[in-house]
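Per-entry structural report
Below, each chain spelled out in residue letters.
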Amino acid sequence: MAIFDVPLAELQTRGTIKWRRFEADVLPMFVAEMDAHLAPAIRARLERALAEGDTGYPELPAYQEALADFAAWQWGWEFSPSDATLVTDVVTGMRDALTAVTEPGDPVVINSPIYPPFRGVSYDRTIVDVPMLDDRLDLEGLAEAFEEHRPKAYLLCSPHNPNGTIHTAEELAEVARLADRFGVVVISDEIHAPLAGAAHTPYLAVPGAHDAVIVTSASKSWNLAALKAGLIVGSASVRDRLRPMVSDGASYFGVLAHVAALADGRDWVREAADEIEGNKAFFAAQLAEHLPTLSYTPLPGTYLAWLDCSPLGLESPVDHFHQVARVRFNAGRDFAPYAQQFVRVNLATSHDIIAEAVRRLAASVS
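What this report covers is the structure whose coordinates are included nearby. What you see is a predicted model, and the numbers here were worked out from it, not measured in a lab.

1. Here we look at the packing of helix α7 (residues 139-149) against helix α8 (residues 169-182)
Running from N to C, α7 and α8 point in directions that differ by 10°, and their axes come no closer than 10 Å. Here α7 is positioned roughly parallel relative to α8, judged by the angle of their axes. Two secondary-structure elements touch here, α7 through Leu-139, Leu-142, Ala-143, Phe-146 and Glu-147 and α8 through Glu-171, Glu-174, Val-175, Leu-178, Ala-179 and Phe-182. In terms of residue class, the contact of α7 with α8 is made up of eight nonpolar, no polar and three charged.

2. Regarding the layout of surface pockets
In this structure, the largest pocket occupies an estimated 1,000 Å³ of space. Taken together, 46 residues make up the lining of the largest pocket; nearest its centre are Val-31, Ala-32, Glu-33, Lys-220 and Ala-225. Contributions of two or more residues to the lining of the largest pocket are made by α5 (90-101), α10 (219-222), α12 (252-264) and β11 (330-331). A total of three residues in the lining of the largest pocket trace back to one element, the largest contributor, which is α10. The residue makeup of the lining of the largest pocket, split by class, is 27 nonpolar, nine polar and 10 charged. The volume enclosed by the second largest pocket comes to roughly 310 Å³. As for the second largest pocket, its lining consists of 17 residues, of which Asp-135, Trp-306, Leu-307, Asp-308 and Phe-342 are closest to the centre. Broken down by element, the lining of the second largest pocket gets its largest block of residues, five residues, from strand β9 (residues 304-308).

3. A look at α7
Taken together, the buried positions of α7 are occupied by Gly-141, Leu-142, Ala-145 and Phe-146. Here the buried residues of α7 occupy an arc of 135° about the axis, which is enough to place them on one side. Relative to its buried face, α7 has exposed residues pointing more than 90 degrees away, namely Glu-140, Glu-144 and Glu-148. The inward-facing, buried residues of α7 abut β3 (107-110), β4 (126-129), β5 (153-157) and α8. Of the residues one or two after α7, Arg-150 is the one with positive phi, at around 50°.

4. Here's the deal with α12
Its 13 residues place the ends of α12 18 Å apart at the C-alpha level, agreeing with the 18 Å of an ideal helix rising 1.5 Å per residue. The buried fraction of α12 amounts to 11 of the 13 residues, a majority that puts the element mostly inside the structure. Buried within α12 we find Tyr-252, Phe-253, Gly-254, Val-255, Leu-256, Ala-257, His-258, Val-259, Ala-260, Ala-261 and Leu-262. Packed against the buried residues of α12 are α3 (40-52), α4 (62-75), β2 (84-87), α10 and α13 (266-290).

5. Details of the sheet that holds β2
Overall, mixed pairing links the seven strands, which are arranged β2-β8-β7-β6-β5-β3-β4 in an open sheet. Both outer strands of the open sheet, β2 and β4, are each paired with one neighbouring strand and no more. Across this sheet, the average inter-strand angle for adjacent strands is 25°, counted without regard to direction. Examined bridge by bridge, β5 and strand β6 (residues 185-189) share five bridges and lie parallel to one another. Residue pairing in the sheet places Tyr-154 in a bridge with Val-186 of β6. Across the face of the sheet, α5 comes into contact with β2, β3, β5, β6, β7 (212-216) and β8 (230-234) while running at roughly 175° to β6.

6. Quick look at the side chain of Asn-111
Inspection of the secondary structure puts Asn-111 in the loop between β3 and α6 (117-121). A polar contact of 2.6 Å, which involves the side chain of Asn-111, links it to the side chain of Tyr-154. In this view, Asn-111 contacts Asp-129, Val-130, Met-132, Leu-137, Leu-142, Tyr-154, Leu-155, Leu-156 and His-160; residues no more than four positions away in its chain are not counted.

7. Points about empty space enclosed by the protein
Summed over the entire model, instances satisfying the criterion amount to one cavity of 30 Å³ or more. Its boundaries defined by the atoms lining it, the largest cavity holds a volume of some 80 Å³. For the largest cavity, the full set of lining residues is Leu-67, Phe-70, Trp-75, Trp-77, Glu-190, Ala-193, Pro-194, Ile-214, Thr-216, Ser-217 and Leu-262. Broken down by element, the residue count for the lining of the largest cavity peaks at three residues, all from α4. Within the lining of the largest cavity, the residues separate by chemical class into eight nonpolar, two polar and one charged.

8. Section: the pairing of strand β12 (residues 342-346)
In terms of burial, β12 is largely enclosed, as four of its five residues are buried. Looking at chain direction, β9 and β12 are connected through five bridges and run antiparallel. Within the sheet, the bridge partner assigned to Leu-304 lies in β12 and is Asn-346. Bridge analysis of β11 against β12 gives two bridges, and the strand direction is antiparallel. Its bridge partner being in β12, Ala-331 is matched across the sheet by Val-343.

Parameters and conventions
- Residues numbered from 1 in each chain as written.
- Predicted model: local features only at pLDDT ≥ 70, side-chain atom pairs only at ≥ 80, totals over all residues.
- Heavy atoms only, no water.
- Axes fitted to C-alpha atoms, helices over the stretch in contact; angles between N-to-C directions.
- Helix = DSSP H or I, 4+ residues; strand = E, 2+ residues; numbered from the N terminus.
- Parallel < 35°, antiparallel > 145°, perpendicular 65-115°, else oblique.
- Contact = heavy atoms within 4.5 Å.
- Nonpolar A, V, L, I, M, F, W, Y, C, P; charged D, E, K, R; others polar.
- 1 Å grid on protein atoms, 1.4 Å probe; cavity = no way out; pocket = protein on both sides within 12 Å on 5 of 7 lines; lining within 4 Å.
- Points joined across faces, edges and corners; volume = space filled by probe spheres on them.
- Buried < 20%, exposed > 50% of the residue type's maximum accessible area, 1.4 Å probe, protein only.
- Arc of directions from axis to C-beta.
- Expected span 1.5 Å × (residues − 1).
- Pairing = 2+ DSSP bridges.
- Polar contact = N/O pair within 3.5 Å; in protein donor to acceptor, adjacent residues only side chain to side chain.

Read these as layout, nothing more, since geometry by itself doesn't imply function.
Structure below.
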């Protein structure tokens, strides 16, 4: 049985944001939830905990150990579990790390278009935007921004959301060189990394990545948003400045689920990654056949597609698709003010839903 072969009728019984935020006749392809069957190893671990009444607070460093083992297996990156700190989730962890190394008003660098919470966690800092350049990091632009604005921190998204870019080891090494030269703390969100497989390079694995942390979890790759638990890995100088109660928001069931994912869900995530690559190719083919005005070139880093809808000549593509086609995507404007004509499409779903979505889009502009 395919991981994303979940019938629409079953999906519509779910009570999550994806299936409850908009009207019942709208196909939701926005928020980063998977339309997936839960990995058997995760289900079994949670069911065992329920059967045993094991429902208290997290204590053991099992999550830290599981991530260290997974990182060594998948990326050849070795770190000590003692170099990882439990946090509520990735967004909260980013905010905790940013609060630890900056003060209100301090310059913080981001790369638009960017996952909206990057701006949210920086709301009382001064955002310095160095936009992506042809879906790659603008390294010259980063150098100029670091020199001109002297930021205290750089929020890196790796792999990049929404573009799907996997940064190369060479690009990340240059980031590390610049960060070291200008005294910038790099906070790298790597929540989509397990799905990227061996193509991903952890930021802390590149030469010169010293004063930096990775914030990550198994949440996106194994669809565990309901089971909160994340980790901050890296520089003790950053982690030592985290607020004392930083780990209290993580759920014990979250820890159990994420450990099971990293330790026993490796075959599942590889199968999911293969299916997602197939979904991207299928989406591109469906557009070419039914809506050739639009084109999509898959990038490998996430299960999200960043789609330029400007050839359609719509004032607001995301609103038109919602109101007329009855398909909901994320609005490009939430990722960058200049991205009004873009939508972000969640492709962690079935071919049936992708085909129906494209059919509705085409019908809405015919």
